[in-house]
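# Survey of secondary and tertiary structure
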Amino acid sequence: MKWVLPKTYENPTYPLKKVADMESDTVTNYQVAIIGAGPAGLTAALDLANRGISSVVFSKENTVSIGSRALCFSKKSLEVINRIAPKAVEKMLAKGVTWNLGKVFYQEDEVYKFNLLPEDGHKIPAFINLQQYYFEEYLVDEIANQPLIDLRWQSAAHFVSQDEDKVTLEIETELGNYNIEAEYLLACGGVRSKTRETMNIPFEGELFEENFLIADVTMENDFPTERWFWFDPPFNKGYSALLHKEPDGVYRIDLQLGIDGVDKDKELDPERIKGRLRRMLGDDCKFELEWTSIYNFRCMRIKNMVHDRVIFAGDSAHQVSPFGARGANGSIQDIDNLAWKLAYVLQGKAPKSLLDSYQEERSPAADENIYHSSNATDFISPKSEISTLFRNQLLSLAKDHVFAQKMVNSGRLSHAFKYLNSTLTSSEKEEWNCKLQNGYPLNDVALKHNGETSYLLDALSDDFNLVLYGDVLVDVSKITAHFPVNVISISEGNTNKGLVDSNGYFKKRYDATPGSWYLIRPDHYIANRGRTLDYEAINMGICKATQATSAIEKSNITDANPAYAKDDMYKALIEAHEGLSKEESDALNANLVLLLMDTVQGKEKWNTILNTANNTTLSNKEITV
Ligand SMILES: Cc1cc2nc3c(=O)[nH]c(=O)nc-3n(C[C@H](O)[C@H](O)[C@H](O)COP(=O)(O)OP(=O)(O)OC[C@H]3O[C@@H](n4cnc5c(N)ncnc54)[C@H](O)[C@@H]3O)c2cc1C
């Protein structure tokens, strides 16, 4: 294949260090060994170091990620990096292209726009676009200043064995091989993880045969900093296209090529790619190719991410298609969930069983990522005539109807997973009138500190936090955790002392009344909350979230704000048609309409629906049945 390599970025080269382990007769025992220095491995090392845990990280490469891989980094990922390496996040925000707005086009027309972060008062934007190599390089820079991390480049690490106390690895380098031991191994070696292979752990799922061409180009056209997605555009008839702005004047263009008859070598010919791009960008647009590649998607996962002392995270545990930007972002969320638990276990603050809750909480997160990423792929490249028909009709309706816009799926973008039905989450006991629930990630708010803007997330420590609203005095001696719990008081907006909710954001977003408290886990998720100070509920919340109690029943919290609830219904509709002949499909549709007619109250409403379906009342913006 002919590859075009990036011109705007030169990969740094990191040397192979000579280390004492190479010449030692004894095998050194490390706290944590990490295989892989991608987003998962680097984030893990930094998060653990922040918590006082040392690690040795092995990368078989001599540099960071090559070419265009992850591009869209989510708010939650950046909030995690802000917590563990604030200087790195400053660089990411300064270099990255911030965007909140997306536009969806169908054929020649703009169908609708969406804004991912309409709320004020957040430190971190909804998304930035930043090439994966910059993301990794900034983390490597931070690691250089971190004495608890020993990052070894050009060192391929191979799992040898594990027993009750340790994991043994063999490290292969050009200066010779050596063995090490570690109390825990984090297998962050990516999709082709050899650890998974050596341990005979099946990696199962679905392969999508559709081919997608990525062309990163530098060009003079100044498209706005928005995500643009086209279904069936005139320049790529019958297929889709995606455009994103990146730093360094680079644009990522993603063109669907189809399945049959795609000759990858031919498609990667730079002249052929330029022809495709001229059809999209116009003959007058001056551009240069920066990086090109063709890829297919796989949605795969291992069943269990925790195998005694070997813990899988990131792509080595699960792989998704890029639609929705859930790969690297999901990997970072794995680490966010795992690092504090591993640190607490190693420090004797929590029982070893806490590590099982990583599987309990992140396994459904992997399923959710795979679910959304597979759904998006099915929507973007429908496999049957009937699914194409439904998809296209939905896009036509979306021009005028909000309900249809919500169902169009050009990639459900990565957001923080909610740990609602987890053994670590306390059940809700009171009524709250806000979007947040126990098991939700924190929602950042801008506050004032000594008159200056300050953010809730920045005020939190890496341990448990108790956030109190209003003037409440806390007797910390009544909080019976084996570790310090950071107490943060937020005053109502009529004082200049401490943290002040000057805009009333906290009051509104947390439905806070004087005396309300929120117990926050070290990964900044809500463990428990209450309306009045209740030491028993706080202590139970901490015990439950660290498994220091036998009360390990799952909470049963129903998400009051499920995102994309209609996706299941759409999926079921398409599946109901699978294997049917045209006549059978038509009959199914007729039956459906008649059954749905039965649920509509009144002839007037029915006529409105009928007219809308018949395209006669396009001013009707939304129908509620
Ligand atoms: C075209 C494309 C676009 C994408 N866009 C996005 C996006 O916009 N947003 C997003 O979130 N994700 C995106 N992704 C996914 C993202 O790139 C991955 O999910 C992410 O890199 C996973 O991180 P990781 O650390 O788990 O694995 P990796 O990044 O694969 O890192 C694993 C590292 O381990 C090393 N390694 C492997 N075996 C060994 C060994 N035995 N010893 C030592 N080192 C080893 C590897 O060389 C590698 O450097 C995209 C992917 C592609 C291909």
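Quick caveat, the model's predicted, so the values are computed rather than measured.

Before going further, it helps to spend a moment on the overall build of the protein chain. The secondary structure content of the protein chain amounts to 17 helices and 26 strands. The C-alpha atoms of the protein chain give a radius of gyration of 26 Å, which matches the 25 Å a tight globule of 625 residues would have. In the protein chain, buried positions account for 41% of the 625 residues.

The next point concerns unusual backbone geometry. Positive phi outside glycine occurs at N200, with the angle close to 55°. With respect to the secondary-structure elements, N200 resides in the loop between α5 (194–198) and β12 (204–219). Here N200 falls in the exposed class, since 6 other C-beta atoms lie within 10 Å of it.

Pairing between β12 and strand β16 (residues 287–301): 13 bridges, direction antiparallel. Residue D216 lies in a different strand from β16, and its bridge partner there is W291. In the sheet, β16 pairs with strand β19 (residues 318–319) via 2 bridges, with the strands oriented antiparallel. Bridge pairing in β19 places R301 opposite H318.

This next bit is on the site of the ligand. As a matter of local geometry, the ligand sits amid 32 residues, with G36, G38, G190, G314 and G327 nearest to it. If you list the elements that add at least two residues to the shell around the ligand, you get α1 (39–50), β9 (156–162) and α8 (327–346). Per element, the largest residue contribution to the shell around the ligand is 4 residues, and it comes from α8. Grouping the constituent residues of the shell around the ligand by class yields 16 nonpolar, 11 polar and 5 charged.

Relative to the helices and strands, T599 is located in helix α16 (residues 582–599). With 7 C-beta atoms packed within 10 Å, T599 lands in the exposed category.

Further remarks concern the domain arrangement of the protein chain. Reports often express the size of an interface as the amount of accessible area lost when the parts come together. Entries for the protein chain in the domain assignment read domain 1 (28–97 + 118–203 + 299–374), domain 2 (416–562) and domain 3 (581–625). Computed over C-alpha atoms, the centres of domain 2 and domain 3 are 46 Å apart.

Glancing now at the sheet that holds strand β23 (residues 486–492). Here 7 strands make up an open sheet; going across it, the order is β21-β20-β24-β23-β22-β25-β26 and the pairing mixed. With partners counted over all chains shown, the strands left at the sheet margins are β21 (452–455) and β26 (526–530), one partner each. Put simply, the sheet's adjacent strands are angled 30° from each other on average, direction ignored. For β23 and strand β24 (residues 499–501), the ladder comprises 3 bridges, and the chain directions are parallel. Within β24, the residue paired with I490 across the bridge is L499. Lying on the sheet, helix α14 (residues 535–545) is in contact with β22 (465–469), β25 (517–520) and β26; it crosses β26 at an angle near 165°.

On to the sheet that holds strand β13 (residues 227–231), then. Ordered by their spatial adjacency, 8 strands build an open sheet running β6-β5-β13-β14-β15-β12-β16-β19, and the pairing between neighbours is mixed. Every interior strand has two partners, whereas the edge strands, β6 (109–115) and β19, have only one. Pairing between β13 and strand β14 (residues 240–245): 4 bridges, direction antiparallel. Counterpart to F229 in the pairing with β14 is L242.

For the rest of this paragraph, the subject is the packing of α1 against helix α4 (residues 132–144). Orientation of α1 relative to α4, taken along the N-to-C sense of each, is 30°, at an axis distance of 10 Å. The angle between the axes of α1 and α4 places the two elements in the roughly parallel class. In the packing of α1 onto α4, the handedness of the crossing is left-handed. In contact with P39, L42, T43, A45 and L46 of α1, α4 contributes F135, E136, L139, V140, E142 and I143. In the contact of α1 with α4, the residues fall into 8 nonpolar, 1 polar and 2 charged.

Now for the packing of helix α2 (residues 75–84) against helix α3 (residues 86–95). For the pair α2 and α3, the least separation of the axes is 5 Å and the interaxial angle reads 140°. By the criterion of interaxial angle, the relationship of α2 to α3 is oblique. For the pair α2 and α3, the contacting residues are L78, I81 and N82 in the first and P86, A88, V89 and M92 in the second. The class makeup of the residues in the contact of α2 with α3 is 6 nonpolar, 1 polar and no charged.

On average, residues of the protein chain carry a pLDDT of 92, and 97% of them reach 70 or more. Within the model, pLDDT remains below 50 along residues 617–625, and this stretch shows 19 contacts once partners closer than five positions in the same chain are excluded.

This part is about the pairing of β13. In terms of residue burial, β13 counts as a mostly covered element, since 5 of its 5 residues are buried. Because side chains alternate across β13, one face comprises the buried residues R227, F229 and F231, and the other comprises W228 and W230, equally buried. The pairing of strand β5 (residues 101–106) with β13 spans 5 bridges and is parallel. Across the sheet, residue G102 finds its bridge partner in β13, namely R227.

Attention shifts here to α2. For α2, the buried fraction is high: 10 of the 10 residues fall into the buried class. Of the residues making up α2, those classed as buried are K75, K76, S77, L78, E79, V80, I81, N82, R83 and I84. Buried residues along α2 sit against α1, β3 (72–74), α3, β7 (127–129), α8 and α12 (456–459).

Quick look at the environment of D216 now. With respect to the helices and strands, D216 occurs in strand β12. According to the C-beta neighbour criterion, D216 is buried, with 24 such atoms within 10 Å. Along the backbone, D216 and V191 are 25 residues apart, and their C-alpha atoms lie at a distance of 23 Å. Those residues within four positions of D216 in sequence are excluded, and the remaining contacts are S68, E246, V250, R252, E290 and W291.

So, on to the environment of A156. Looking at the element boundaries, A156 is found in strand β9. Not counting the four nearest positions on each side in its chain, A156 is found in contact with K60 and E172.

Calculation rules
Residues numbered from 1 in each chain as written. Predicted model: local features only at pLDDT ≥ 70, side-chain atom pairs only at ≥ 80, totals over all residues. Helix = DSSP H or I, 4+ residues; strand = E, 2+ residues; numbered from the N terminus. Rg over C-alpha atoms; globule rule 2.2 N^0.38 Å. Buried ≥ 20, exposed ≤ 12 C-beta atoms within 10 Å, placed from the backbone. Pairing = 2+ DSSP bridges. Near = placed C-beta within 6 Å. Nonpolar A, V, L, I, M, F, W, Y, C, P; charged D, E, K, R; others polar. Domains from an automatic or database assignment. Axes fitted to C-alpha atoms, helices over the stretch in contact; angles between N-to-C directions. Contact = placed C-beta atoms within 7 Å. Parallel < 35°, antiparallel > 145°, perpendicular 65-115°, else oblique. Left-handed = near helix turned anticlockwise from the far one by under 90°. pLDDT = per-residue confidence, 0-100.

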